[in-house]
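Residue strings, one per chain:
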Amino acid sequence: MKKMLTMITLCLAVAISTGCGKEEYKAADIDENVDKCEVCQMQVGDNEYAVQIQLKDKKTLKFDDLGDLFIWKQKNGTEQIGAQFVRDHHTKAWILLENATYVYDKSIRTPMAYGVISFADKADAEKFVSEQGSGQIMTSEDLDGHKWESDKEMMKKMHGDGGHNGDMKHDGEAHEDQEHEGHDDSQEHKEHK
């Protein structure tokens, strides 16, 4: 009996110590006066579209649109990623990317016109789709296979024709050949100059 109790105690100690060594990641605050998107270099607004990656070395990379986060991952891989955070579309609360439910629709206006928004609760995502009358519910696994394309026509409508003349870079190419200067019609995504 004593041997068995010792074995159970030893197993519990190992389990607890393994859990204690687990890395803890926490979403960083957004500073609109400083933070720029790692991909397009536009200001990251402190809004429901802001997303971030925390690398294993604790460096935080911020993005103004979920699509830009995935463009970064396509170029840089995922080996150094410790955690990825998105925001609930309604509350702006930070949630782990893998725990969220997503809605995609070409007509959804996001800062870089990728059309994907996140929700902490699947029921909220389903309600959004029902109220809008369109949209596709997606999981975090679905995002990896999603074709990340920015809607050029929406970008023109949101940012006008007098933008950066395609000088925003994605993988060494013009940022989808779109212009980004001006303001988002939502008034929540402002260019920092």
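Since we're looking at a predicted model, the values are computed, not measured. Positions within a chain are numbered from 1, following the residues in the order the chain's sequence is written. Two thresholds apply to this predicted model, a pLDDT of at least 70 for residue-level local features and 80 or more for giving and counting side-chain atom pairs, whereas whole-chain, interface and lining totals are computed over all residues. The basis for the side-chain values is all heavy atoms of the structure; hydrogens and waters are excluded.

**Notes on helix α3 (residues 122–132)**
Note on classification: 1.4 Å probe, protein chains only; a residue is buried when its accessible area is under 20% of the maximum for its type, exposed when over 50%, partly exposed between these limits. Segments assigned H or I by DSSP are reported as helices when at least four residues long, segments assigned E as strands when at least two residues long, and all are numbered from the N terminus. Buried residues of α3: Ala 125, Phe 128 and Val 129, and no others. Along the long axis of α3, the arc covered by the buried residues comes to 95 degrees, so they all point the same way. Set apart from the buried face of α3 by more than 90 degrees, the exposed residues are Ala 123, Lys 127, Ser 130 and Glu 131. Packing partners of the buried residues in α3 comprise β5 (101–104), β6 (116–119) and β7 (136–138). Taken from the residues just after α3, Gly 133 is the one with a positive phi, measuring 80 degrees. What the arc measures is the spread of directions leading from the helix axis to the C-beta atoms. Residue contacts are defined here by distance: any two heavy atoms, one from each residue, within 4.5 Å place the two residues in contact.

**Thoughts on the sheet that holds β7**
Strand order in the open sheet made by the three strands is β6-β5-β7, with antiparallel pairing throughout. Each edge of the open sheet is held by one strand with a lone partner, namely β6 and β7. Neighbour-to-neighbour, the strand axes of this sheet turn through a mean angle of 30 degrees, independent of strand direction. The strands touched by α3 within the sheet are β5, β6 and β7, with β5 carrying the most contacts at an inclination of about 15 degrees. Whether two strands pair comes down to DSSP finding at least two bridges between them. Axis angles are defined between N-to-C directions and span 0 to 180 degrees, where every axis is a line fitted to C-alpha atoms and, for a helix, only to the segment in contact.

**Focus on the pattern of salt bridges**
Just to be clear on terms, a salt bridge is a Lys or Arg side-chain nitrogen sitting within 4 Å of an Asp or Glu carboxyl oxygen. The full count for this structure, using the stated rule, is five salt bridges. Among the salt bridges present, the one from Arg 87 reaches Asp 46, with a minimum N-O distance of 2.7 Å. Here Arg 87 is found in strand β3 (residues 81–87), whereas its partner Asp 46 is found in the loop between α1 (2–20) and β1 (51–55), with 41 residues between them in sequence. Accessibility expressed as a relative area gives 7% for Arg 87, which makes it buried. For Asp 144, the salt bridge goes to Lys 73, with nearest N and O atoms at 3.9 Å. Of the two residues, Asp 144 sits in helix α4 (residues 140–145) while Lys 73 sits in helix α2 (residues 66–76), which places them 71 residues apart along the sequence.

**Notes on the sheet that holds strand β4 (residues 94–96)**
Sheet architecture is open: four strands sit in the order β2-β1-β3-β4, paired in antiparallel fashion. Both outer strands of the open sheet, β2 (60–63) and β4, are each paired with one neighbouring strand and no more. Strand-to-strand, the axes of this sheet are offset by a mean angle of 25 degrees, without reference to chain direction. Strand direction decides the pairing type here: β1 and β3, joined by four bridges, are antiparallel. Its bridge partner being in β3, Leu 55 is matched across the sheet by Ile 81. Contacting β1, β2 and β3, α2 crosses the sheet at an angle of about 30 degrees to β1.

**Regarding empty space enclosed by the protein**
Over the atoms rolls a probe the size of a water molecule, and in doing so it shows where empty space is left. Only protein atoms enter the 1 Å grid used here, on which a cavity is any set of points holding a 1.4 Å probe that cannot leave and a pocket is any open set flanked by protein within 12 Å on both sides along at least five of seven lines; residues with an atom within 4 Å of a point are listed as lining. Grid points are joined across faces, edges and corners, and a volume is the space filled by probe spheres set on the points. Tallying each qualifying case throughout the model produces one cavity of 30 Å³ or more. Roughly 70 Å³ of internal volume is contained in the largest cavity. Every residue lining the largest cavity is listed: Glu 48, Tyr 49, Val 51, Asp 64, Asp 65, Leu 66, Arg 87, Val 116, Ile 117 and Ser 118. Ranked by residues supplied to the lining of the largest cavity, first place goes to β6 with three residues.

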